[in-house]
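# Summary of structural features
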Amino acid sequence: MVRKILLAIAVALPMCISAQVVKIAVVNVQDIYNACPEKAAAEKVLTDLSNQYKQEYKLMQDEFGKKYADYQRLANDPKVSATIKERRMQDIQNEDEKVKQFLQKVDKELADKKAELNNEIFAKINAALKSVGDAGAFTYIFDVSQTPLAYTGATAIDLTTTVKEVMGLK
């Protein structure tokens, strides 16, 4: 039994000695993202698109309001038949459903557009990170904006500024 343990240590010892040095750094990707000029352009595109949707939503609300006001007038008139009142109520319910579907579609389209615009920005950031990581022969680079580390020592290497420089950011 002792021989087996000594043999395992003898086999593993050369592997441990020749192990590579692990080089670790940190970076704040959110800070880099905020410095990207593409971020402001993406926000403008999203704001413009959102404003277009708000205008359309306002038109839909106005149309709904008119139909509801018409229904209220008819509902209080005893001369109008129940069938007509029922049809108008159905029109209001259909209009309400259209508004709800529109809002769901708008939310999805805005989220998709935001993801599309941000994917382009983060692709550039990731390319710069890879470049810096390869040049510095880093084994790991942790993003402290996504996963705060429990402890970062004074000797920790922060590559945020280096990545910004590679990307031409201030």
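Right above here is the structure, for reference.
In what follows, the accompanying structure is described. (Residues numbered from 1 in each chain as written. Predicted model: local features only at pLDDT ≥ 70, side-chain atom pairs only at ≥ 80, totals over all residues. Heavy atoms only, no water.)

## Re the overall build of the chain
What counts is decided by this rule: Helix and strand definitions here come from DSSP, where helices need a minimum of 4 consecutive H or I residues and strands a minimum of 2 consecutive E residues; each element is numbered from the N-terminal end. Think of it in three bands: with a 1.4 Å probe and only protein chains considered, a residue is buried below 20% of the maximum accessible area for its type, exposed above 50%, and partly exposed in between. Contacts are residue-level and defined by heavy atoms, with any inter-residue pair within 4.5 Å sufficient. Throughout, the Shrake-Rupley method with a 1.4 Å probe supplies accessible areas, and for residues the shown protein chains are the sole cover considered.
If you tally the helices and strands in the chain, you get five helices and three strands. Each helix and strand of the chain, placed in order from N terminus to C terminus, yields the pattern α-β-α-α-α-β-β-α. Relative to its 170 residues, the chain shows a buried fraction of 22%. For the chain, contacts bridging at least 24 residues in sequence account for 84% of all contacts bridging at least 6. Accessible area of the chain: about 12500 Å², with a carbon and sulfur share of 58%.

## Re the nonpolar core
The criterion, for reference: Note on terminology: a nonpolar core comprises buried Ala, Val, Leu, Ile, Met, Phe, Trp, Tyr and Cys residues joined through side-chain atoms within 4.5 Å.
Val27, Ile32, Ile121, Ile125, Leu129, Leu159 and Val163 are the most contacted members of the largest nonpolar core, which totals 18 residues. Mapped by element, the contributors of at least two residues to this core are β1 (24–27), α2 (29–35), α3 (37–75) and α4 (82–135). With six residues, α4 is the single largest residue contributor to this core. If near-sequence neighbours (up to four positions away) are discounted, Leu129 is found in contact with Val27, Val29, Ile141 and Val163.

## Considering the sheet that holds strand β2 (residues 140–143)
Using the following cut-off: Strand pairing follows a simple DSSP-based rule, namely that at least 2 bridges must link the two strands.
Taking strand neighbours across the sheet as the criterion, the three strands line up as β2-β1-β3 in an open arrangement whose pairing is parallel. Looking at strand neighbours, the two that pair on one side only are β2 and β3 (157–158), the edges of this open sheet. Bridge analysis of β1 against β2 gives four bridges, and the strand direction is parallel. Each residue of the ladder has a partner; that of Val27, found in β2, is Asp143.

## Description of the pattern of salt bridges
Rules: For this analysis, a salt bridge means a side-chain nitrogen from Lys or Arg found within 4 Å of a carboxyl oxygen belonging to Asp or Glu.
Per the stated rule, a full pass over the model turns up 12 salt bridges. A salt bridge links Lys164 to Asp31; the nearest nitrogen and oxygen atoms lie 3.0 Å apart. In this pair, Lys164 sits in helix α5 (residues 160–167) while Asp31 sits in helix α2, placing the two residues 133 residues apart along the sequence. Residue class for Lys164 comes out buried when judged on its relative accessible area of 13%.

## Brief notes about the environment of Leu149
Along the chain, Leu149 turns up in the loop between β2 and β3. Taking the relative accessible area as the measure of exposure, Leu149 reaches 32% and is therefore partly exposed. Distance in space between the C-alpha atoms of Leu149 and Val26 is 9.3 Å, their sequence separation being 123 residues. Excluding anything up to four places from it in sequence, Leu149 contacts Val26, Phe142 and Val144.

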